[in-house]
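One-letter residues, chain by chain:
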Amino acid sequence: MTDISRRKLIWTGLGAAAGVSGLAVAARLAEKYGLVPPDHGGIFGVGETLTYAAQRLLTRHSMAREFSPSEISKRPFPNEMAPPSDAFKRLQAAGFVDWRLTVTGMVDQPTSFSLAQLKSYPSRSQITMVQCEEGWSYIAEWVGVPLSHVLNLVGVHPQARYVAYFSIDPNWWDSMDMADAMHPQTFLTYGMNGHELPVGHGGPLRMRVPRQLGYKNVKFITHLTVTDSMKKFGKGLGSASPEAGYAWYAGI
Amino acid sequence: MARSESAQAPLEAYVARSVSAVRASAAASRHSALVRVTHWIVTLCFFALLLTGIEILISHPRFYWGETGTVLTKPLFQIPIPSSRDLVRTGYGYVLPDQNGWSRYLHFEAAWILVLTGLLYGIFGLATGHFRKNLFPTGADLSWRTLSATIAGHLRFQRPSEAEARSYNVLQRLAYLFVIFVLFPLIIWTGLAMSPAFVSAFPATVNLLGGQQSARLLHFVVTLALVLFLVVHIVMICLAGFWSRTRPMITGRTGTSKERV
């Protein structure tokens, strides 16, 4: 064996050893610090875990870009939706006065909120972008109550790790980790561009998660559950999106 | 190589000498293992990224400049292909199946593998002098005479000399350097600039590009440049001799297996 090939062999060996032990350490740390997404299985799990872990380390407290009023899109695009259910139409006919948001799970006081109650809390507004995974985007002003305000009212247990949120459309539900749930820009949104939130944009109540893609911003929110694991929801992948082939974490 | 060297011009003599050297050592070492492994990993990732990128693009084959753009706004241009979303008017009268779910998963996984492989290659290139020895043009390479001679040779579709089987010519060096140090960093930057979470931490990455839709357009333009490189790369390999160029990138050695025996 020549010197060069021996040196090469040693370096290759060292590199491989460093790589393997690095991966093992990274996997253990990721587990410990909640850097593994619910859809971490399968052939795409490694990429998803890398993305989620890297972004959680970089973006835990970062703020989504906010824009000036002059940058608000003139014609915000309401994406296509399934036709409303009869239950939704009845609530809509009554002006949504009976719309309720129930909050359950790992909380001190499970509570059912009316829209009027939610609107009585200090409202916040943000001019942020809705970005669809398809490639299009628009900017609007969103008005609502920060989700963290509601979560603080009901008292979240310390072992909580996710907030699952459900649309009145039974096939549409999602979840986010506590970093996004407690983030100051995560809103239960009821107003848009100076008006009530239009039905096309998710009125009367839409989850707004501006650091993630449009599909995480579920429309017609009626129910929240605080939990320590997403395993017991649906197929255990964290939301309806992975069940339809889309990633749970959409901060990309 | 039976010809006498003394009768030849110096350059030809040099070529003849190196050719004899190649033949003599039969299987001269050409590409290091790390270059070969990273080359093929990047190749695989690139095709995965290209295919899934096209699938994602099909869901909205319209481009805009600035921050925003939807089917309700006027595009800068629209690619005349069918779409996988029925709200995009394409004039085709049919809608392609939605492939975005797995395409996005694979796009980002392949991107991770490509970036990590690229980092490994970059560290290796700096540590071993691979960039300096094999890719950076020498002063003589950049002389007007060499440059114009190489360009003229390419324009005449001259078959490369045997010496070029062992070392890159100046145009190759410049093209590879451009891909490695300009196009790949740009494709990664413009990709990251489309991530709402990434730009929340690093807003300058998208603001410098002119906005989210500008980043998307530039990502597409850089892709076109990379595809152009790929096409030229493959055409040049075919012109130079497909196996004589592809074999060293697999086995690491020049020369045929017969010569190696």
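Here, the structure is the one placed above.
Because the structure is predicted, anything quoted here is derived from the model rather than measured. (Residues numbered from 1 in each chain as written. Chains lettered and ligands numbered in written order. Predicted model: local features only at pLDDT ≥ 70, side-chain atom pairs only at ≥ 80, totals over all residues.)

Enquirer: Honestly, the interface of chain B and chain A in this entry has me stumped. Any pointers?
Expert: When the parts of a complex come together, some accessible area is lost, and that lost area is often used as the size of the interface. At the interface, 31 residues of chain B touch 37 residues of chain A. Only helix H3 (100-128), helix H7 (196-201) and helix H9 (212-240) of chain B provide two or more residues apiece to the side of chain B that touches chain A. In terms of residue count, H3(B) provides more of the side of chain B that touches chain A than any other element does, 9 residues in total. Within the side of chain B that touches chain A, the residues separate by chemical class into 14 nonpolar, 12 polar and 5 charged. (Contact = placed C-beta atoms within 7 Å. Helix = DSSP H or I, 4+ residues; strand = E, 2+ residues; numbered from the N terminus. Nonpolar A, V, L, I, M, F, W, Y, C, P; charged D, E, K, R; others polar.)

Enquirer: When you look at the pairing of strand E4 (residues 137-146) of chain A in this model, what are you seeing that I'm missing?
Expert: On a regular strand, one side chain projects to one face of the sheet and the next to the other, so that they alternate. Residues and elements named next belong to chain A. Counting buried positions over the 10 residues of E4 gives 9, a clear majority of the element. Both strand E3 (residues 124-131) and E4 contribute to a ladder of 8 bridges, which runs antiparallel. Bridging across to E4, Ser125 finds its partner in Val143. Between E3 and E4, which follow one another and run antiparallel, lie 5 residues, and Gly135 among them has a positive phi close to 130 degrees. Where E4 lies against strand E7 (residues 187-192), 5 bridges are found, and the strand directions are antiparallel. Within the sheet, the bridge partner assigned to Pro146 lies in E7 and is Phe187. (Buried ≥ 20, exposed ≤ 12 C-beta atoms within 10 Å, placed from the backbone. Pairing = 2+ DSSP bridges.)

Enquirer: What am I meant to see in the pairing of strand E5 (residues 162-167) of chain A here?
Expert: All names here are of chain A. Within E5, 6 of the 6 residues are buried, which leaves it mostly tucked inside the rest of the structure. Here E5 shows a buried face lined by Tyr162, Ala164 and Phe166 and a second buried face lined by Val163, Tyr165 and Ser167. As paired elements, E5 and strand E6 (residues 173-177) share 5 bridges and run antiparallel to each other. Bridging from a neighbouring strand, Tyr165 pairs with Asp174 of E6.

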